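# Structure at a glance
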Amino acid sequence: MNALETLIKLLARLPGLGPKSASRLAYHLINSDSHYNELLAEAIGTIQEVIFPCSVCGSFTESDPCPICLDEGRDRSLMCVVEQPQDVLTIAASGSYNGLFHVLGGALSPLEGIGPDKLNFEGLLKRIDEGSFKEMIIATNPTEEGDTTALYLRHLLKGKNIAMSRLASGLPIGGDLEYADRLTLARSIRGRVDFSD
Amino acid sequence: MKFRSLGFHNFRNLEDSLIPTEAKHVVLVGSNGQGKTNFLEALYLLCYGSSFRAVTLNDVCRHGEKNFSLTAVVEDEDGSNQNLFLRYSDAKREIRIDGKEIKDRRDLIYNIPCIVFSHDDIEFIRGTPESRRRFFDQTLSLYDPLYFDDLRRYRALLKQRNAAIKEDYIALLDLYNAQLAEVGYAIQTRRREAVEEFNAIFTPLYNKISRGESGMKIVYKASWDECHSPSEIVTKLENSLARDMRQQTTTCGVHRDQFTLMDGRVNFSVSGSTGQMRLASLIFRIVQIETYRQKGKKSPILLVDDVLLEMDTERRGEFLKELSGYSQAFFTFLPEEQYFAKFDNSSALIYSVEEGRFVGQ
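Residues numbered from 1 in each chain as written. Chains lettered and ligands numbered in written order. Predicted model: local features only at pLDDT ≥ 70, side-chain atom pairs only at ≥ 80, totals over all residues. Heavy atoms only, no water.

## Things to note about the packing of aromatic side chains
Residue and element names in this part refer to chain B. Per the stated rule, a full pass over the model turns up 29 aromatic pairs over all chains. Relative to F284, the ring of F135 lies with its centre 4.7 Å away and its plane at 55°, an arrangement referred to as tilted. Note that F135 is positioned in helix α4 (residues 129–143) and F284 in helix α10 (residues 274–296), a separation of 149 residues in sequence. Given a relative accessible area of 0%, F284 falls into the buried group. Between Y206 and F268, the aromatic rings sit 6.3 Å apart at their centres with planes inclined by 75°, giving edge-to-face as the arrangement. Of the two residues, Y206 sits in helix α6 (residues 173–210) while F268 sits in helix α9 (residues 268–271), which places them 62 residues apart along the sequence. Aromatic rings pair up to connect F124, F135, F136, F198, F202, Y206, Y220, F259, F268 and F284 into one cluster. The side chain of K24 reaches across the aromatic face of Y326, ending 4.8 Å from its centre. (Phe/Tyr/Trp six-rings, centres within 6.5 Å; stacked < 30°, edge-to-face > 60°. Helix = DSSP H or I, 4+ residues; strand = E, 2+ residues; numbered from the N terminus. Buried < 20%, exposed > 50% of the residue type's maximum accessible area, 1.4 Å probe, protein only. Lys NZ or Arg CZ within 6 Å of the ring centre and 35° of its normal.)

Okay, here's the thing in structure tokens:
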């Protein structure tokens, strides 16, 4: 295998890339500025040394604890539990949440060998016992695995005197009812919310 | 809804072409192995993204090819046209409606309602309890997206619960019990209603076509029959834990529900003759059409594949008379069969099929 084929093969292993887009990227790299290629290689090569999980919340960071955990401007009575580090970025970027985070590192899925022992529930319990949290928002994905994880959290925190809620799911904002698929609509009707005065 | 045309490329033995299908009845006449069923299969693929035969998409490529594509123009109820496109290449399936790619099959299956009468339908009668369960799941899913969703959820949860048993994650079983109970109860309730509605149409219709007086009906025996709420199901699941652990699987639930076709006090799957079973299986499909028409408020497209062969002329006539409530129907026939009675030339397009070529008559 020559160098080009090796590069294509390595690129094709990235999520969302097939052999065709991988070869397009490879040819692009051959023709691009060599300085850029060096920077890219350097960034890829060192990413795992520079970025690591925060010892408090589990989100990716360059300094420990992470800036979010240290941010005094955040509401320390509010905790949002997510599956993956990238979910922290997504929710933080929404601009409507100003509390702390906790990353579980996945969702419960015995099929994939992921039981409670594989996720960071222990760290969560410790933070709740030592902190002053009053409310927890469960932001696991709306999948079977995410649902089960949410139920497990509820079971785990029984008697902890902490208010719990889960992200709502349903119709997209600004969307037209006409274009919603039947299932989303059917689910939204099943999970409708009280609107009386 | 109506297919106005169907085009294929590299599909099975069919010669690449575009076939007009703008008629209420489209009749394909030809000997065995000429491509009649392949034509129906292509229509079905555009409706549901998979074949009604037990094959992978790789198997439907023309011999020696690794890709195929299908196109169709479908006329909606309001008279507007819809362009369907399905391509299989590099072991990937791509489906587009009016150029927009469909990612989740769920968004496809409610687009064009299509019901196929296939030779294998006799398994609904003769086959295992799963085959009848599949029939009812299909009938319900056709018009009820929530049922389809519940079924998907139930299957996913069941797999997880079984894995939790095998991996010894006993602490998680309570969570799966609670979720399975809720979804399972919804499924059980819907199935019970569906069986009642089914019998109300099936029993009289079977008697009418068979000119008999039998009390033939489906008897539904749910695995959680005695449970009348999700919480009772949770208790039942808790009580079966020891057995579940021993057998390393979930031993009760809607995946074990039984649908038995009873002729009075006799199990018809054992007592019926082949001809009777064929007739019963056709009536299963007629009930499916009728249910869909009532609940889905739309008329389905029918694909009727070689199922009339085993019946005598009289019953065949009765059957064709009862076949209604559809917007378009495709039939396959052997050259020597008599079929013209129902299909006069004004409402039917007739093609003779030979070695994958379609010639209008």
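## Side note on the sheet that holds strand β4 (residues 99–103) of chain A
Residues and elements named next belong to chain A. Spatially, the four strands line up as an open sheet ordered β4-β3-β5-β6, and their pairing is parallel. If you trace the sheet from one side to the other, it starts and ends with β4 and β6 (163–166), each paired once. For this sheet, the mean angle separating the axes of adjacent strands, direction not counted, is 25°. Both strand β5 (residues 135–138) and β6 contribute to a ladder of four bridges, which runs parallel. Its bridge partner lying in β6, I138 is registered against R166. Along the sheet, helix α5 (residues 85–93) makes contact with β3 (75–82) and β4, crossing β4 at roughly 160°. Its contacts with the sheet place helix α7 (residues 144–156) against β3, β5 and β6, and it is angled at close to 175° to β6. (Pairing = 2+ DSSP bridges. Axes fitted to C-alpha atoms, helices over the stretch in contact; angles between N-to-C directions. Contact = heavy atoms within 4.5 Å.)

## Section: helix α11 (residues 313–322) of chain B
Residues of α11(B) that are buried include every one of B:R316, B:E318, B:F319, B:L320 and B:E322, and no others. Here the buried face of α11(B) lies against β8 (114–117), α6, α10 and β13 (328–333) of chain B.

## Quick word on the domain arrangement of chain B
Residues and elements named next belong to chain B. For chain B, the domain assignment lists domain 1 (1–113 + 298–361) and domain 2 (128–139 + 146–273). Taken together, the contact pairs 10 residues of domain 1 with eight residues of domain 2. Summed over both partners, the interface of domain 1 with domain 2 buries about 770 Å², with 47% contributed by carbon and sulfur atoms. The interface formed by domain 1 and domain 2 includes four salt bridges. At the boundary of domain 1 and domain 2, one finds four residue pairs in polar contact (both at pLDDT 80 or more). (Domains from an automatic or database assignment. Buried area = accessible area lost by both parts, 1.4 Å probe. Salt bridge = Lys/Arg side-chain N within 4 Å of Asp/Glu carboxyl O. Polar contact = N/O pair within 3.5 Å; in protein donor to acceptor, adjacent residues only side chain to side chain.)

## Points about helix α5 (residues 145–167) of chain B
Residue and element names in this part refer to chain B. With 23 residues, α5 extends 33 Å between its outermost C-alpha atoms, agreeing within 8% with the 33 Å of an ideal straight helix rising 1.5 Å per residue. By the criterion of burial, α5 is predominantly enclosed, with 17 of the 23 residues buried. Between a side-chain oxygen at the N-terminus of α5 and the backbone nitrogen of L146 the separation is 3.0 Å; the capping residue is D144. Just downstream of α5, D168 is the residue with a positive phi angle, here 65°. (Expected span 1.5 Å × (residues − 1).)

## Examining the sheet that holds strand β9 (residues 217–221) of chain B
Residues and elements named next belong to chain B. What the three strands build is an open sheet, ordered β9-β10-β11; its pairing is antiparallel. Every interior strand has two partners, whereas the edge strands, β9 and β11 (266–267), have only one. In this sheet, strand β10 (residues 258–263) lies alongside β9 in antiparallel orientation, the contact comprising five bridges. Bridge pairing in β10 links I218 to L261. Contacts from α4 reach β9 and β10, with the element oriented near 100° to β10.

## A short note on the domain arrangement of chain A
Taken domain by domain, chain A consists of domain 1 (1–34) and domain 2 (53–166). One C-alpha centre belongs to domain 1 of chain A, the other to domain 2 of chain A, and the line joining them spans 36 Å.

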